[in-house]
Amino acid sequence: MKTLTGKIILVTGASRGIGAAVAHKLGAEGATVVVNYAGNKEAADNTVAAIRELGTEAMAVQADVSKSDEVKRMFDTVIAQYGRIDVLVNNAGILLYKLIKDTTDEDFDRQFAINVKGTFNTMREAATRLADNGTVINFSSSTTRLLLPTYGPYVATKGAVEQMTRVFAKEVGARGINVNVVSPGPTNTELFLNGKTQEALDRLASLSAFNRIGEPDDIAKVVAFLVSDDAKWISGQNIGANGGMA
Ligand code: NDP
């Protein structure tokens, strides 16, 4: 029995990594999936093709989530194509590993532009344009609990996302929309693996109760539950998807 049949779902940053796994899982559960990407059209087209192989409708839409006009155009395109959007998954994000002393103005601004302004831009559109009884899932990170060196501005962006999630849940609840934030632990994607030694990977894996790094599909299964009707009574919550790490 498919749990998401009939839902139109927009996943930001779904060309690669966790977003691609989320898009595929939601498609497998019967949803029509919109695969947003920033620049990697080939990867987005591959995600769409993999979803269509499941017998589900999907399309790719380019938009830089940090730019409000591009986000507005993305909502226009999806609503023109499918008539409405039921679920928004705000997965797009970047991480620059640097000590605070080494972080440039540009590093700081870029992370805030994509992680915070990007989430804000899509939520602002969703506030009036997401269908009644819809769902919003934002993405934070378990690093807001682990507080490791080199994650300073990044955890600041994700802390901001967590707080906006709690407020937004109260702002749109009257329309039956629930809003939650998922906080993955270390997960096997380009963003996480970038520049890490095997020793660093083993150390991080050992922090989880299961002694391993998460896979994108571990996170996708949690998101699939949270956007289903069975999770409707959960709102304004931060759900750690991290194998008991934090
Ligand atoms: P990846 O780097 O593997 O993928 C990032 C995705 O985001 C790509 O699809 C990319 O598109 C897209 N993207 C980047 N910038 C923009 C933008 N400006 N507008 C639209 N899309 C954009 O990242 P992950 O899959 O690892 O991370 C996904 C989310 O999970 C992020 O929010 C991250 O902070 C969070 N997270 C990840 C963890 C991990 O260990 N991997 C742990 C905790 C949280 P394109 O291909 O076009 O560049």
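Our subject is the structure listed above.
Calculation criteria
- Residues numbered from 1 in each chain as written.
- Predicted model: local features only at pLDDT ≥ 70, side-chain atom pairs only at ≥ 80, totals over all residues.
- Heavy atoms only, no water.
- Near = heavy atom within 4 Å.
- Polar contact = N/O pair within 3.5 Å; in protein donor to acceptor, adjacent residues only side chain to side chain.
- Helix = DSSP H or I, 4+ residues; strand = E, 2+ residues; numbered from the N terminus.
- Phe/Tyr/Trp six-rings, centres within 6.5 Å; stacked < 30°, edge-to-face > 60°.
- Buried < 20%, exposed > 50% of the residue type's maximum accessible area, 1.4 Å probe, protein only.
- Contact = heavy atoms within 4.5 Å.

1. Regarding the site of the ligand
Inference 1: Looking at the ligand, there are 31 residues lining it, with S15, R16, G39, Y154 and T189 nearest.
Inference 2: In this structure, S15 approaches the ligand through a side-chain N or O atom, which is 2.6 Å from an oxygen atom.
Inference 3: Contacts to the ligand include I18, whose backbone N or O atom sits 2.8 Å from an oxygen atom.
Inference 4: Elements represented by at least two residues in the shell around the ligand include exactly α1 (17-28), β2 (32-37), α6 (152-172) and α7 (190-193).

2. Quick word on the packing of aromatic side chains
Inference 1: Considering all chains together, one arrives at three aromatic pairs under this definition.
Inference 2: When the centroid spacing of 4.6 Å and the interplanar angle of 25 degrees are considered together, the rings of F108 and F112 count as stacked. Linking F108 with F112, this pair stays in helix α4 (residues 105-129), spanning four residues, or about one helical turn.
Inference 3: Among the residues examined, F112 registers a relative accessible area of 24% and is labelled partly exposed.
Inference 4: Here a set of aromatic residues connected by ring pairs shows up, and it is made of Y97, Y151 and Y154.

3. Considering the environment of T56
Inference 1: Its place among the elements puts T56 in the loop between α2 (41-52) and β3 (58-62).
Inference 2: For the pair T56 and L148, spaced 92 residues apart in the sequence, the C-alpha separation amounts to 40 Å.
Inference 3: In this view, T56 contacts G27, G30, A31, T32 and I51; residues no more than four positions away in its chain are not counted.
Inference 4: At 3.0 Å, the side chain of T56 and the backbone oxygen of G27 are in polar contact.

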